[in-house]
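# Close look at the chain arrangement
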Amino acid sequence: MDGAIELLSEHRCYDGAQRYYRHASREIGLPMRFSAFVPAQALGGKPAPALLCLPGLTCTEETFMIKAGAQRFAAREGLVLIAPDTSPRGAGIEGETASWDFGAGAGFYLDASEPPWSRHYRMESYLIHELLPLAIDLLRVDRERIGITGHSMGGHGALVLAMRHPGVFRSLSAFAPIAAPTQCPWGRKAFSGYLGGDETRWQDHDASILMARQDAAPFPSGILVDQGLADQFLEEQLKPDLLESACAKAGQPLTLRRHAGYDHGYFFITSFIDDHITHHITQLGRNA
Ligand SMILES: N[C@@H](CCC(=O)N[C@@H](CSC=O)C(=O)NCC(=O)O)C(=O)O
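Bear in mind the structure is a predicted one, so any value in this text is a computation, not a measurement.

### Some thoughts on the pairing of strand β7 (residues 171-175)
- Among the five residues that make up β7, five are buried, leaving the element largely enclosed by the rest of the structure.
- Here β7 shows a buried face lined by Ser171, Ser173 and Phe175 and a second buried face lined by Leu172 and Ala174.
- Crossover connection from strand β6 (residues 141-150) via helix α5 (residues 153-164) to parallel β7: handedness right-handed.
- Inspection of the sheet shows β7 paired to strand β8 (residues 223-228) by three bridges, in the parallel sense. Note that in β8 the partner of Phe175 across the bridge is Asp226.

Spelled out as structure tokens, the structure:
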């Protein structure tokens, strides 16, 4: 695979550009798609701050861009938005599309160690070592001003990747993250399939465990997490209280906002996305 990047479509959006790309991924070994919103300030100008937005189970590179309503606020702040797909597609693995919470659409933003998944399911390496460098070059992203956020499985990805790759991301937030995946059915199913039966190896991909291990706050300016209290997955799958305890142990400032009446879906995300854009641009710094 030669890594050629194909612009699939481009749409004018708040004076910037909403784009969809496909490229031959070196890390995944298959074609991958991603989307990017490039604000007007970044179209011809100097390097811009960027936010990597990780979608949740069953989503694609399109979901966040068409449902979160983030472009209006990113345009205001001159912030590039980048959204990947949630897994490789078409790996040809038996059972890959058999369930919605494992396999296609459910890559959990990690590198699988277990065959047959280990050959293509390498979302962590893909994001850190391929998509981000590609975005820095292609979209003129300032490598010193990249933040990360995500929803549900993507919230897990944001929290875990931010801690596993210190210095790559300068700001962090999440919507209804899977905050303790070693202790919930979604996480246990994914980790046993992708990482195998040795649960000690799962701990390196659990945000609450990683946070509790920190000697000092990895994000001293604070992490923002929003959680709906009418979220149908809250008790069984998400467990934000465990992240809250881990942050307290690590001395990590955390703003965990619990919102009465909001469920797990994108109406919840779009209600609070402006606060997340403001959180990130405040920590990343606006272009002068
Ligand atoms: N098909 C499932 C529901 C799947 C779902 O709710 N996916 C969420 C993310 S859940 C955690 O990662 C999502 O973002 N869906 C896309 C959307 O447009 O809402 C079921 O049957 O329960």
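From this point, things continue past the structure.
### Considerations on the site of the ligand
- In the region of the ligand, 13 residues are neighbours, and Leu57, Cys59, Lys67, Ser152 and Met153 sit closest.
- The separation between an oxygen atom of the ligand and a polar main-chain atom of Leu57 is 2.8 Å.
- Between an oxygen atom of the ligand and a main-chain N or O atom of Met153, the distance comes to 2.9 Å.
- In isolation the ligand has 540 Å² of accessible area, and contact with the protein removes 70% of it.
- Taken together, the residues of the shell around the ligand break down into seven nonpolar, five polar and one charged.

### Re the sheet that holds strand β1 (residues 5-13)
- In spatial order, the strands read β1-β2-β3-β5-β4-β6-β7-β8-β9; together these nine strands make up an open sheet with mixed pairing. Each end of this open sheet is capped by a strand with a single partner; those strands are β1 and β9 (254-259). Strand-to-strand twist across the sheet, computed as the mean angle between neighbouring axes with direction ignored, equals 20°.
- Of the pairings in the sheet, the one linking strand β4 (residues 48-54) to β6 comprises six bridges and is parallel in character. Looking at β6, one finds that Ala50 is bridged to Ile146.
- Each of β1, β2 (16-24), β3 (31-38), β4, β5 (80-84) and β6 touches helix α4 (residues 123-138); the most contacted strand, β3, lies at about 45° to it.
- The sheet contacts of helix α10 (residues 266-284) involve β4, β5, β6, β7, β8 and β9, and relative to β7 the element is tilted by about 170°.

### Some words on the UniProt feature "active site" (unreviewed entry) in the protein chain
- The feature "active site" (unreviewed entry), as annotated in UniProt, sits at Ser152, Asp231 and His264 in this numbering. These residues run over 113 residues, yet every pair of their C-alpha atoms falls within 10.8 Å of each other.
- Positionally, Asp231 belongs in the loop between β8 and α8 (234-238).
- What makes Asp231 buried here is its relative accessible area of 6%.
- Residues in contact with Asp231, not counting those within four places in the same chain, are Ala176, Leu238, Tyr262, Asp263 and His264.
- Side chain to side chain, Asp231 and Gln227 meet in a polar contact 3.1 Å long.
- Position of His264 among the secondary structure elements: in the loop between β9 and α10.
- With a relative accessible area of 7%, His264 lands in the buried category.

### Quick look at the packing of aromatic side chains
- Applying the stated criterion to the full structure yields 14 aromatic pairs.
- Arranged with centres 5.9 Å apart and planes meeting at 80°, the rings of Trp100 and Trp186 form a pair that is edge-to-face. With a gap of 86 residues between them, Trp100 in the loop between β5 and α4 and Trp186 in helix α6 (residues 185-195) connect regions that are remote in the sequence.
- Residue class for Trp100 comes out partly exposed when judged on its relative accessible area of 46%.
- With a relative accessible area of 4%, Trp186 lands in the buried category.
- Counting every residue linked through ring pairs, the aromatic cluster contains Phe102, Trp117, Tyr121 and Tyr194.

### Quick look at α6
- Those residues of α6 that fall on the buried side of the exposure criterion are Trp186, Gly187, Ala190, Phe191, Tyr194 and Leu195. Looking straight down α6, one finds its buried side chains confined to an arc of 110°; they lie on one side.
- If you follow the buried residues of α6, they end up packed against α5 and α8.

### Things to note about the nonpolar core
- Grouped together as the largest cluster of nonpolar side chains are 97 residues, with contacts concentrated most on Phe64, Leu81, Ile82, Phe108, Leu139, Ile148 and Tyr194.
- It is α4 that contributes the most residues to this core, nine residues altogether.
- Beyond its immediate chain neighbours, meaning those up to four positions away, Ile82 contacts Phe34, Ser35, Ala36, Ala50, Leu51, Leu52, Cys53, Met65, Leu131, Ala135, Leu139 and Val141.

What counts, and at which threshold
Residues numbered from 1 in each chain as written. Predicted model: local features only at pLDDT ≥ 70, side-chain atom pairs only at ≥ 80, totals over all residues. Heavy atoms only, no water. Buried < 20%, exposed > 50% of the residue type's maximum accessible area, 1.4 Å probe, protein only. Helix = DSSP H or I, 4+ residues; strand = E, 2+ residues; numbered from the N terminus. Right-handed = clockwise from strand over helix to strand, strands pointing away. Pairing = 2+ DSSP bridges. Near = heavy atom within 4 Å. Polar contact = N/O pair within 3.5 Å; in protein donor to acceptor, adjacent residues only side chain to side chain. Areas by Shrake-Rupley, 256 points an atom, 1.4 Å probe, with all protein chains shown as cover. Nonpolar A, V, L, I, M, F, W, Y, C, P; charged D, E, K, R; others polar. Axes fitted to C-alpha atoms, helices over the stretch in contact; angles between N-to-C directions. Contact = heavy atoms within 4.5 Å. UniProt positions renumbered as here; feature names shortened; annotations may be inferred. Phe/Tyr/Trp six-rings, centres within 6.5 Å; stacked < 30°, edge-to-face > 60°. Arc of directions from axis to C-beta. Core = buried A, V, L, I, M, F, W, Y, C linked by side-chain atoms within 4.5 Å.

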